[in-house]
Amino acid sequence: MTDAVIECRNVWKIFGENSKEAHSAVIERGLSKKEILEQYRCVVGVADVSFTVRQGEIFCIMGLSGSGKSTLVRHINRLVEPTAGVIRVANQDVNALEGPQLRQLRSQSVGMVFQNMALLPHRTVIDNVALSLELRGMSRADRHDVALEKLRLVSLDGWGDRYPDELSGGMKQRVGLARAMAADPEILLMDEPFSALDPLIRRQLQEQFLDLSKVLKKTTVFITHDLDEAIRLGTHIAIMKDGRFVQVGTAEQIVTEPVDDYVADFVKGISRLELVSAGKVMQPLAAGQTPAPSSPSVLASDKLSKLLQVAKEHDGVITVSDGKRPVGVVSRYDLLNAVSG
Ligand SMILES: Nc1ncnc2c1ncn2[C@@H]1O[C@H](COP(=O)(O)OP(=O)(O)OP(=O)(O)O)[C@@H](O)[C@H]1O
């Protein structure tokens, strides 16, 4: 599709001197990460990963430590070169970019936000935010205008003249976000940007980021260890293991249809109430079947929390409609089953 902003096709990253031989061996003989290490002294960072992120989407990548998340994401601005595969950003082959085009990709098209963003301690907050604009040669007045606007977006107006060590951890992260946005990149790569923060601040920053994302329509790849965060933010979620994508889908798909025990372990204990929809848990109506007219009705897109509310007030089955006509029913048994997973 034309609105794909990031496309990765069959990307492999194998670290080590014999990476090409190791890559051929893994393609021909399907060796595991462990076997590649033993036989070729190479580490598989990313194994045959393909994905597309469209304009305005937030693509979340999850996986245990060492599963390859950071290595994969760093291919997008070519901080890492692939052993094989193609990475396209805004229809450009990233690995074919040279000198000025590559610099442009890194400084203007793609912004990065990390956990513990390093701010420059001897610069004020506003001068930290305006850094990329200064490097581009923008005048002081103009870059301060842009930086002030970005500080406002992250609710830090009034803090521009302070120094980083006067700010809390959460405020520093917000300055980091404002700095990334001041460069106005089309793409944001976020590597666990909120994970060092306490849960309340983290939640606030997530909400702020979601709001900004809707307004600014940035295309984002977001690494997180926290499934709640991925569910809250992600248009799609990918689960990685040993360099591979084990499953890619919406939060609802990942939680209700985990493809294996590894994914099932990730989603264990996640509340389904705001995630799973009536359409997913209903029994479809058979041809000619009509639900009792007295049964209460919800929409197929309504979540389990809504079904529970309705079930508190009515004993019988609940009708599910597509907005025009009934398409299924949910019994108490179906509902309890869906809530307990
Ligand atoms: N420069 C490197 N040289 C050799 N191996 C590397 C290098 N960078 C990463 N690796 C290996 O690649 C694999 C993936 O690492 P990566 O840092 O991408 O994982 P991650 O999922 O981001 O982990 P974490 O959640 O801990 O940040 C690991 O086995 C790691 O040891």
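Everything quoted here is computed from the prediction, not taken from an experiment.

The feature "domain: ABC transporter" (unreviewed entry), as given by UniProt, occupies residues 31-267 in the numbering adopted here. Taken end to end, residues 31-267 has its terminal C-alpha atoms 28 Å apart, with 42% of it in helix and 22% in strand.

Glancing now at the sheet that holds strand β11 (residues 283-284). On the basis of which strands lie adjacent, the open sheet formed by 4 strands has the order β11-β14-β13-β12 and mixed pairing. The two strands at the open ends of the sheet, each matched to only one other strand, are β11 and β12 (297-299).

This paragraph deals with the nonpolar core. Residues I61 and V330 are the most contacted members of the largest nonpolar core, which totals 87 residues. Split by domain, the residues of this core number at least three in each of domain 1 (107-234) and domain 2 (278-340).

The next subject is the site of the ligand. Residues in contact with the ligand, as listed here, are F15, V43, G45, G63, S65, G66, S67, G68, K69, S70 and T71. Of all the elements in the fold, those that place two or more residues in the shell around the ligand are β2 (43-54) and α3 (69-73). Here the element with the most residues in the shell around the ligand is α3; it accounts for 3 residues. Across the shell around the ligand, the residue classes break down as 2 nonpolar, 8 polar and 1 charged.

Our next topic: the pairing of strand β7 (residues 187-191). Of all 5 residues in β7, 4 are buried, a share of seventy percent or more. Sheet topology note: the strand β6 (residues 110-114)/β7 ladder contains 5 bridges and is parallel. The partner of V113 across the bridge, within β7, is M190. Pairing of β7 with strand β8 (residues 219-223) involves 5 bridges; the strand directions are parallel. The partner of I187 across the bridge, within β8, is T219. Between the parallel pair β7 and β8, the chain is carried across by helix α9 (residues 199-216), and the sense of this crossover is right-handed.

Reading the values: the criteria
Residues numbered from 1 in each chain as written. Predicted model: local features only at pLDDT ≥ 70, side-chain atom pairs only at ≥ 80, totals over all residues. UniProt positions renumbered as here; feature names shortened; annotations may be inferred. Helix = DSSP H or I, 4+ residues; strand = E, 2+ residues; numbered from the N terminus. Pairing = 2+ DSSP bridges. Core = buried A, V, L, I, M, F, W, Y, C linked by C-beta atoms within 7 Å. Buried ≥ 20, exposed ≤ 12 C-beta atoms within 10 Å, placed from the backbone. Domains from an automatic or database assignment. Near = placed C-beta within 6 Å. Nonpolar A, V, L, I, M, F, W, Y, C, P; charged D, E, K, R; others polar. Right-handed = clockwise from strand over helix to strand, strands pointing away.

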